[in-house]
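For reference, the chains in residue letters:
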Amino acid sequence: MPTAPHADSCSANVPDAAGRFGKFGGRFVPETLVHALDLLAAEYDAARQDASFQAELDELLKNYVGRASPLYFAKRLTEHCGGAEIWLKREDLNHTGAHKINNTIGQALLTLRMGKKRVIAETGAGQHGVATATACAHFGLDCVVYMGEEDIRRQAPNVFSMKLLGAEVRPVTSGSRTLRDAINEAMRDWMSSVESTHYILGSVVGPHPFPRIVRDFQSVIGRETIQQCRERFQCLPEVVVACVGGGSNAAGMFYPFVEHSDVALVGVEAGGRGNQPGDHASPLTYGSPGVLHGSFSYVMQDEDGQTCDVHSMSAGLDYPGVGPEHSYWKETGRVDYTSCTDKDAMNAFDALARLEGILPALESSHAIAKAMEIASQRSSSDRVAVCLSGRGDKDAAEIARLKNDITT
Amino acid sequence: MSAIDQLFIKLRNENRKALMPFVTAGDPDLDFTAAVIKELVARGASMCEVGIPYSDPIADGPVIQASYTRALDQGIKLAAILETLGKVTPQISAPLVTMVSYAIIYRHGLEKYADQLNQRGIAGMIVPDLPVEESPSLAKVCKARDLSLIQLVTPTTPKDRALKITETSSGFLYYVSVAGITGERTELPPELLERVGWLREQTPLPVCIGFGISQPEHVKRLAPVADGLIVGSAIVRRMANVAKSDRASTLQEVGDYVATLLEALE
């Protein structure tokens, strides 16, 4: 696939120099981290202008990650839904099995540019941890991954993979022992190690410039999708759907589409067990603007501004906050945000497995579920493109446990 | 002029230094918090910093994090904390400041939070996750109410940036001794004295040092170059003993500990 510029490939001119997406974003972190964030922003600006950086990234995305990922027409799933065509952007076919590697390869290259030798990361589902451990192995960087104890339990295969790849996995036992606490611990590590260590944040969350850097590195998803749609059916899809936890695959899929105002964009949050606080992980649907992990964005919080516990069966969506650009897109009305329950996501998982021979990640199953619903309500001349952000092998044991729970 | 400004004018006139203990509000309950504050001030602490428990405190080490978790597990609310502090302030001679995450201030509203501090006789706030670029709105709100908004300078802050921070901070400057999270340390960085010395030459604002300070030796070494010293985790760790000991003896232990630091300060 020909190379497109990696940033600013569409007209949306956010964030500004302070990292603001409208009123969202910014930088709410301890002073200790500010200088490192300034240096990172400057290094990233330099890298964007540097043709050799872009060439190296393109080469790795093509020959190491295996891009471009296919855009696949899900014929039997389409027939099953009886409406619009469903097309899957197969990020599950990337090396390491998810979209996360698009960002970790890019940030590992930034780490090398900054002359740092050690990388830390947080992970929820473990996909970002594996993708970081992979990039670090490839470049010979030391790697420490913080992961909540609850997530270590439910994503055991990824924990083992990270160790095989030479990373140290540090269990996080504070708070809810999930992604949110893993980010806290990674931030604390970075407070003490900032001179020698780069923090490869895995989603479009956190302080400026992370939401922008991660979005830009993930935008390859949307750029390829646009080109593939034009090649395959000579126009853009009517609807584009992606799941939203922190929101990296959705940001990467949506961003190049933002300027195409005739394309409807739908973000799907984790609806969990229901709409009561603590039963879901849908800050854009049920939360309010506030500060979490260094950024101003929608968050699930109580009346005092304390972060609430959330629930999703999928570790990658089990997060009380969301990237600031999603809050901006919600507020401007450019993207519709909705949610999908654990049960509907599980049904979508089964449908994709049996009708298409694809095991989607539980995270991606949320997007599949919503895409199936949308497709069934639209005419057969319409097309729905879905970001299939990762594969579901990692979830096999957890799905067995959940299904057993459901039947007993 | 805030109560903190007045305090430092007095201390500088008398050629004395401040010792500022940190206590977590509501660990294990607000009665104990009030008792500890009164004890520490009676022992000679010049100010007291009260930590408002927050669910995601990324600048804090394990000791303070755990104290926040214990307090939040008791269902502590900001309104109750401020109410308790409001009862304590008329009974003590030293100013109180809150250490509070911006997440909490934003949720309550900047003006409302500042008004509540004013009403309760609290002198100001330290907001550890609000860098200078994000602070103008809150600084304006504080200034209009004579509240101090104490900002932080760290070992990773470049000099030109430190100067910018001296221009917007009020009350005093909080110099963070180490690049890292809160918590006791045996060794403090050798370049600390020089950095604080430089900073004090740049600004009329008092400069206080915090993070890592726990031993009388630290106090002896740092007091000559600073206007004050802040001690947190070492106190919070001792306060946590109340879970397995009785209140009176825990209070005594914390008070005795601070007394040894005050002795080193003289």
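Residues numbered from 1 in each chain as written. Chains lettered and ligands numbered in written order. Predicted model: local features only at pLDDT ≥ 70, side-chain atom pairs only at ≥ 80, totals over all residues. Heavy atoms only, no water.

*Asks:* How would you sum up the overall build of chain A? Please name residues and give values.
*Replies:* Across its full length, chain A holds 16 helices and 14 strands. What you see for chain A is a C-alpha radius of gyration of 19 Å, in line with the 22 Å of a compact globule of 408 residues. The proportion of buried residues among the 408 residues of chain A is 66%. Looking at chain A alone, contacts between residues at least 24 apart form 75% of all its contacts between residues at least 6 apart. Summed over all atoms, the accessible surface of chain A reaches about 13,400 Å², with 49% contributed by carbon and sulfur. (Helix = DSSP H or I, 4+ residues; strand = E, 2+ residues; numbered from the N terminus. Rg over C-alpha atoms; globule rule 2.2 N^0.38 Å. Buried < 20%, exposed > 50% of the residue type's maximum accessible area, 1.4 Å probe, protein only. Contact = heavy atoms within 4.5 Å. Areas by Shrake-Rupley, 256 points an atom, 1.4 Å probe, with all protein chains shown as cover.)

*Asks:* Talk me through the overall build of chain B; I want residue IDs and the actual numbers.
*Replies:* Within chain B, the regular secondary structure consists of 12 helices and eight strands. For chain B, the C-alpha radius of gyration of 17 Å lies close to 18 Å, the compact-globule estimate for 266 residues. Its C-alpha atoms give chain B principal-axis dimensions of roughly 45 × 40 × 35 Å. In chain B, which comprises 266 residues, the share counted as buried stands at 61%. Contacts in chain B between residues far apart in sequence, at least 24 positions, make up 71% of those at least 6 positions apart. Of the accessible surface of chain B, which amounts to about 10,200 Å², a share of 51% is contributed by carbon and sulfur atoms. Here chain B contributes 27 positively and 31 negatively charged side chains, and the mean placements of these two sets differ by 2 Å. (Lys, Arg positive; Asp, Glu negative; His and termini not counted. Charge placed at Lys NZ, Arg CZ, Asp CG, Glu CD.)

*Asks:* Describe in detail the pairing of strand E3 (residues 96-99) of chain B, supporting the description with residues and values.
*Replies:* Residue and element names in this part refer to chain B. Here E3 shows no split at all, with Leu96 and Thr98 on one side and Val97 and Met99 on the other all buried. Relative to E3, strand E2 (residues 48-51) runs parallel, the two sharing four bridges. When the sheet's bridge partners are listed, Glu49 is paired in E3 with Val97. Here three bridges tie E3 to strand E4 (residues 124-126), and the two strands are oriented parallel to one another. Among the inter-strand pairings, Met99 is bridged to a residue of E4, identified as Ile126. (Pairing = 2+ DSSP bridges.)

*Asks:* Outline the interface of chain A and chain B, supporting the account with residue identities and numerical values.
*Replies:* Listed as interface residues are 34 residues of chain A and, on the opposing side, 35 residues of chain B. On the chain A side of the interface with chain B, the three residues burying the most area are Glu31, Arg188 and Asp304 of chain A, jointly 24% of the side's total. There are five salt bridges connecting chain A and chain B. Taking the shortest distance from any N to any O, the salt bridge between Arg161 of chain B and Glu31 of chain A comes out at 2.8 Å. If you look at where chain A meets chain B, you find 22 residue pairs in polar contact (both at pLDDT 80 or more). Listing elements by their share of the side of chain A that touches chain B, those giving two or more residues are helix H1 (31-49), helix H8 (179-193) and strand E11 (288-292) of chain A. Ranked by residues supplied to the side of chain A that touches chain B, first place goes to H8 of chain A with seven residues. In terms of residue class, the side of chain A that touches chain B is made up of 11 nonpolar, 13 polar and 10 charged. (Buried area = accessible area lost by both parts, 1.4 Å probe. Salt bridge = Lys/Arg side-chain N within 4 Å of Asp/Glu carboxyl O. Polar contact = N/O pair within 3.5 Å; in protein donor to acceptor, adjacent residues only side chain to side chain. Nonpolar A, V, L, I, M, F, W, Y, C, P; charged D, E, K, R; others polar.)

*Asks:* Give me the pattern of salt bridges: which residues, what numbers.
*Replies:* Applying the stated criterion to the full structure yields 52 salt bridges over all chains. In this structure, Asp318 of chain A and Arg154 of chain A form a salt bridge, with 2.6 Å as the shortest nitrogen-oxygen distance. Of this pair, Asp318 of chain A sits in the loop between strand E12 (295-299) and helix H13 (324-332) while Arg154 of chain A sits in helix H6 (residues 149-154), placing them 164 residues apart in sequence. Both residues of the pair, Asp318 of chain A and Arg154 of chain A, count as buried. Here Asp115 of chain B ties to Arg145 of chain B by a salt bridge, and the two come within 2.5 Å at their closest N and O atoms. Placement of Asp115 of chain B in helix H6 (residues 110-119) and of Arg145 of chain B in the loop between helix H7 (136-144) and strand E5 (148-153) is noted, with a sequence separation of 30 residues between them. Connected via shared salt-bridge partners are Glu31 of chain A together with Glu133, Arg161 and Lys164 of chain B.

*Asks:* Pulling in residues and values, what's your account of the packing of H1 of chain A against helix H9 (residues 210-218) of chain A?
*Replies:* Residue and element names in this part refer to chain A. Running from N to C, H1 and H9 cross one another at 30 degrees; their axes reach a closest spacing of 10 Å. In terms of axis orientation, H1 runs roughly parallel to H9. Of the two elements, H1 crosses H9, and the hand of that crossing is left-handed. Here Leu37, Leu40, Tyr44, Asp45 and Arg48 of H1 come into contact with H9, specifically with Phe210, Arg212, Ile213, Asp216 and Phe217. Here the residues of the contact of H1 with H9 are counted per class, giving six nonpolar, no polar and four charged. (Axes fitted to C-alpha atoms, helices over the stretch in contact; angles between N-to-C directions. Parallel < 35°, antiparallel > 145°, perpendicular 65-115°, else oblique. Left-handed = near helix turned anticlockwise from the far one by under 90°.)

*Asks:* Residue-level account of the side chain of Arg67 of chain A, with values.
*Replies:* All names here are of chain A. Tracing the sequence through the fold places Arg67 in the loop between helix H2 (51-65) and strand E3 (71-73). Of note is the side chain of Arg67, whose polar atom sits 2.8 Å from the side chain of Asn102. Within the structure, the side chain of Arg67 is placed 2.8 Å from the side chain of Glu224, a separation counted as a polar contact. Each residue touching Arg67, except ones within four places of it in the same chain, is listed here: Leu61, Lys62, Lys89, Glu91, Asn94, Asn102, Val220, Ile221 and Glu224.

*Asks:* Break down the packing of H9 of chain A against helix H10 (residues 220-233) of chain A for me, with residues and values.
*Replies:* When two helices pack together, their arrangement is given by the angle between their axes and by how far apart the axes lie. All names here are of chain A. Interhelical geometry of H9 versus H10 gives an angle of 30 degrees and a closest axis separation of 5 Å. By the angle between their directions, the pair H9 and H10 is classed as roughly parallel. Across the interface between the two elements, Asp216, Phe217 and Gln218 from H9 touch Val220, Ile221, Gly222 and Arg223 from H10. Across the contact of H9 with H10, the residue classes break down as three nonpolar, two polar and two charged.

*Asks:* If you had to explain the confidence of the model for chain A to someone new, which residues and values would you point to?
*Replies:* Within chain A, residue pLDDT values average 95, and 96% of them lie at 70 or more. Taken as a whole, residues 1-11 of chain A scores under 50 in pLDDT and shows 26 contacts with residues more than four places along the chain or in a different chain. (pLDDT = per-residue confidence, 0-100.)

*Asks:* I'd like a rundown of the environment of Ala25 of chain B, residues and numbers included.
*Replies:* All names here are of chain B. Position of Ala25 relative to the elements: it lies in the loop between strand E1 (18-24) and helix H2 (30-43). The sequence separation of Ala25 and Ala240 amounts to 215 residues, and the corresponding C-alpha distance is 12 Å. Apart from residues lying up to four places away in sequence, Ala25 is in contact with Leu30, Thr33, Val50, Gly51, Pro53, Ala71 and Ile81.

*Asks:* Talk me through the sheet that holds E4 of chain B; I want residue IDs and the actual numbers.
*Replies:* The pairing of strands in a sheet happens through backbone hydrogen bonds and is either parallel or antiparallel. All names here are of chain B. Pairing is parallel in the closed barrel, where eight strands are placed in the order E1-E2-E3-E4-E5-E6-E7-E8. Each strand axis lies, on average, 25 degrees off the axis of its neighbour in the sheet, ignoring direction. Bridge count between E5 and strand E6 (residues 173-176): three bridges; the pairing is parallel. Counterpart to Leu152 in the pairing with E6 is Tyr174. Contacting E1, E2 and E3, helix H3 (residues 62-73) runs over the sheet at an angle of about 45 degrees to E1.

*Asks:* Could you give me a rundown of the side chain of Thr111 of chain A, with the residues and numbers involved?
*Replies:* Residues and elements named next belong to chain A. Mapped onto the elements, Thr111 comes out in helix H4 (residues 100-113). For Thr111, a relative accessible area of 0% puts it in the buried group. At 2.8 Å, the side chain of Thr111 forms a polar contact with the backbone oxygen of Gln107. Residues within four places of Thr111 in sequence aside, it is in contact with Lys116, Val119, Leu141, His198 and Ile200.

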